[in-house]
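# Results of the structural survey
If you want the building blocks of each chain, they are given just below.
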Amino acid sequence: MIRFEQVGKRYPDGTTAVDGLSFEVSEGELVTLVGPSGCGKTTTVMMVNRLIEPTSGRILVGGEDVATVDPVRLRRRIGYVIQQVGLFPHRTVLDNTATVPSLVGWKRARARARAAELLDLVGLDPRTYGPRYPHQLSGGQRQRVGVARALAADPPVLLMDEPFGAVDPVVREQLQDEFLRMQAAVRKTVLMVTHDIEEAVRLGDRIAVYGQGRIEQFDTPAAVLGTP
Ligand code: ADP
Ligand code: ADP
């Protein structure tokens, strides 16, 4: 579903963030990217939705080269969740969740009904939380809204960059549990960045272990843990 072919990214200042990345993520598979800060994980993920352009190689999503896909179509097909999701402060939780369906032209009633469904899926009662504003939520609840928003247009692919990184450990574990439950139901193809090896092992079907600018190991959690 996601395929990297010899992908490299060199920033204009000469920094090589990643080099010669080749890997594949199957449909419905959750791959965690783990490794120290600065090794190229965020760059990898942001090239999939073209927030960053690779300087070499190509990336295919569902067999299509993302460099040539219409940006609106790409937005609809790829959900994106970052560490501190930026919700629109003056829009309700329900309207925030309906952002992408609205952007891609769904009718208002359909977009809002879908948003309510998604809030429910991430464990927020839409009747209680839908009418609230982002500042009336906890950090963990805001991340859930971010996940709901990313899934609202039902994209086959979900990119997550430290989605649970900014919440305390207890809430993080709760969000991980809920995410696993949700993923079992919706089976998205997921690329998730984390610097937390425990999270990578807990959530990943496979793990991409990064060294500086490249993947050193790409295997199941058991195989990664079994390495001396
Ligand atoms: P990670 O997500 O693993 O922390 P990043 O992908 O953010 O790594 O960064 C990889 C490397 O690219 C780092 O050395 C970082 O400093 C560098 N980098 C990231 N963004 C830019 C940029 N816009 N310009 C120059 N260098 C960058
Ligand atoms: P607007 O079109 O109103 O400027 P934004 O570009 O701010 O909207 O996008 C709205 C939200 O959608 C953002 O806060 C962000 O989390 C999410 N988003 C932004 N870019 C992408 C993308 N390439 N793929 C998926 N979601 C995205």
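Because the structure is predicted, anything quoted here is derived from the model rather than measured.

The next thing to look at is the packing of aromatic side chains. Within this structure, the stated rule accounts for three aromatic pairs. Look at Phe4 and Phe23: their rings are 4.4 Å apart centre to centre, the planes differ by 15 degrees, and that puts the pair in the stacked class. With a gap of 19 residues between them, Phe4 in strand S1 (residues 2-10) and Phe23 in strand S2 (residues 16-25) connect regions that are remote in the sequence. An aromatic cluster of three or more residues is present, and its members are Phe4, Phe23 and Phe218. If you follow Arg91 out to its NZ or CZ, it ends over the ring of Phe88, 4.2 Å from the centre.

With that out of the way, let us pick up the pattern of salt bridges. Inspection of the entire model under this criterion finds 16 salt bridges. A salt bridge links Asp95 to Arg112; the nearest nitrogen and oxygen atoms lie 2.6 Å apart. Residue Asp95 is located in helix H3 (residues 93-97), and its partner Arg112 is located in helix H5 (residues 108-121); the two are separated by 17 residues in the primary sequence. Taking the relative accessible area as the measure of exposure, Asp95 reaches 25% and is therefore partly exposed. In this structure, Asp205 and Arg187 form a salt bridge, with 3.7 Å as the shortest nitrogen-oxygen distance. Remark: Arg187 occurs in the loop between helix H8 (169-186) and strand S8 (189-194) and Asp205 occurs in the loop between helix H9 (197-203) and strand S9 (206-211); sequence separation between them is 18 residues.

Reading guide: rules and limits
- Sequence order sets the numbering: in each chain, residues are counted from 1 along the sequence as written.
- Both sets of labels track the order of writing: A upward for chains, 1 upward for ligands.
- At least 70 in pLDDT is required for a residue's local features to be given in this predicted model, at least 80 for side-chain atom pairs to be given and counted, and no such filter applies to totals for whole chains, interfaces and linings, which use all residues.
- Think of the side-chain values as coming from all heavy atoms in the structure, minus any hydrogens and water.
- Each Phe, Tyr or Trp ring, with Trp reduced to its six-membered ring, pairs with another whose centre is within 6.5 Å; inter-plane angles below 30 degrees give stacked pairs, above 60 give edge-to-face pairs, and intermediate values give tilted ones.
- Secondary structure counts use DSSP, requiring at least four H or I residues in a row for a helix and at least two E residues in a row for a strand, with both numbered from the N terminus.
- Whether a charge sits over a ring comes down to the Lys NZ or Arg CZ being within 6 Å of the ring centre and within 35 degrees of the ring normal.
- When a carboxyl oxygen of Asp or Glu lies within 4 Å of a side-chain nitrogen of Lys or Arg, that pair is called a salt bridge.
- Here's how the labels work: a residue is buried when its accessible area is under 20% of the maximum for its type, exposed when over 50%, partly exposed in between, all with a 1.4 Å probe on protein chains only.

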